[in-house]
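# Structural characterization, general
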Amino acid sequence: MSSVPARTGRQRQRYEDNLRLVSGCIPYRWRKDNKDQVGETEGIIEVLMVSSPKRDDLVFPKGGWEDDETVTEAACREALEEAGVKGILREIPLGIWEFRSKSSQDLCSIEGGCRGYMFALEVTEELETWPEQTNHARQWLNIKEAFRLSRYDWMCNALEEFMRVMEEDRKREKQEENVDHPSILVADVSECQSMSPNCYKRSSTMQHHAMPSKANLMSRASREIAIHFGY
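Residues numbered from 1 in each chain as written. Predicted model: local features only at pLDDT ≥ 70, side-chain atom pairs only at ≥ 80, totals over all residues. Heavy atoms only, no water.

### Brief notes about the overall build of the protein
Per the secondary structure count, the protein includes four helices and eleven strands. Within the span of the protein, comprising 231 residues, buried residues form 47% of the whole. Once local pairs closer than 6 in sequence are excluded, the contacts in the protein between residues at least 24 apart make up 72%. Accessible surface computed for the protein: about 12,800 Å², of which carbon and sulfur atoms make up 46%. (Helix = DSSP H or I, 4+ residues; strand = E, 2+ residues; numbered from the N terminus. Buried < 20%, exposed > 50% of the residue type's maximum accessible area, 1.4 Å probe, protein only. Contact = heavy atoms within 4.5 Å. Areas by Shrake-Rupley, 256 points an atom, 1.4 Å probe, with all protein chains shown as cover.)

### Some remarks on helix α1 (residues 71-83)
Taking 1.5 Å as the rise per residue, α1 with 13 residues should run 18 Å; its terminal C-alpha atoms sit 18 Å apart, in good agreement. Within the sequence span of α1, burial applies to V71, T72, A74, A75, C76, R77, E78, A79, L80, E81, E82 and A83. Once α1 finishes, G84 follows within two positions and takes phi at roughly 65°, a positive value. (Expected span 1.5 Å × (residues − 1).)

### A look at unusual backbone geometry
Phi at D17 takes a positive value of approximately 55°, unusual for a residue other than glycine. When you line up the elements, D17 lands in the loop between β1 (15-16) and β2 (19-35). A residue is classified by how much of its surface remains accessible, and D17, at 61% relative accessible area, is exposed. Positive phi, normally seen in glycine, also occurs at N18, with a value near 60°. You can see N18 is positioned in the loop between β1 and β2.

### Some thoughts on the packing of aromatic side chains
Taken as a whole, this structure holds three aromatic pairs when the rule is applied. Centre to centre, the rings of F99 and W154 are 4.6 Å apart; their planes meet at 10°, and the pair counts as stacked. Placement of the pair is F99 in strand β7 (residues 95-100) and W154 in helix α3 (residues 153-178), with a sequence separation of 55 residues. You'll find F99 and W154 in the same group, each marked buried. (Phe/Tyr/Trp six-rings, centres within 6.5 Å; stacked < 30°, edge-to-face > 60°.)

### Considerations on the pairing of β7
Going residue by residue along β7, you find G95, W97 and F99 tucked away on one face and I96, E98 and R100 left uncovered on the opposite face. Bridge count for β7 against strand β8 (residues 113-126) is six bridges, and the pairing is antiparallel. Its bridge partner lying in β8, F99 is registered against C114. (Pairing = 2+ DSSP bridges.)

### A short note on the nonpolar core
Within the largest apolar cluster, 47 residues are counted, with the highest numbers of intra-cluster contacts made by I26, V47, F60, I143, L159 and F162. When residues of this core are assigned to their parent elements, the largest contribution, nine residues, is made by α3. Non-local contacts of L159, meaning those with residues more than four positions away in its chain, are made with I26, V47, F60, I143, A146, F147 and S150. (Core = buried A, V, L, I, M, F, W, Y, C linked by side-chain atoms within 4.5 Å.)

### Re the pattern of salt bridges
Considering all chains together, one arrives at 18 salt bridges under this definition. Note that E161 is salt-bridged to R164, the shortest N-O span being 2.3 Å. Of this pair, E161 and R164 are both found in helix α3, three residues apart, which corresponds to roughly one turn of the helix. Take E161 and R164: they sit in the same class, and that class is buried. (Salt bridge = Lys/Arg side-chain N within 4 Å of Asp/Glu carboxyl O.)

### Notes on the side chain of R164
Exposure remark for R164: the relative accessible area of 13% places this residue in the buried category. A distance of 2.3 Å separates the side chain of R164 from the side chain of E161, its partner in a polar contact. A polar contact is formed between the side chain of R164 and the side chain of E168, at a distance of 2.6 Å. (Polar contact = N/O pair within 3.5 Å; in protein donor to acceptor, adjacent residues only side chain to side chain.)

Dropping the structure here:
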């Protein structure tokens, strides 16, 4: 078992508007797939989900944001504790979602409400053991499987925004290749700021896109994105 203990208790838990503040991430990796029609190897994206104790579902790593850490540090800590992964975190969140806890044994607040910040985390290291391994088994999934297994609307919304961000990255990299600019690998840790022993944070110079409204998140998936990710 991991020598790094998981945090317990809620003495340092942050609340806002009587909602428990939660931070989490969508861990992802690129897997090489078969060659396409022109003989080039395609990259297929996979996301990591973890099982929930005492419930038959899969979720993305997330947990309480505490008052002695930043929201990005909390996301990295939860990825390590629940999924046993480290990586490079995008400092711009995918979005902020409010949802209600489905478990009476794990209420987010008196009313059971949570406000969750979700990030994208490119996994660079998978640990063989991790603090909450007995409660959370991890599973790599393609995008279509992840959508099918996401039981809650907020998870589908976060995954939808994640797809949009990944597609924008793909287009940007193709534009850089067309003008013979050297591509910047996301996994190049030298380009990233060390945030904690668990995670690096990209020093982003990208334009910050306005967060879409909750009502529009699911409707913004374009056919082009759906085809690219095999959904």
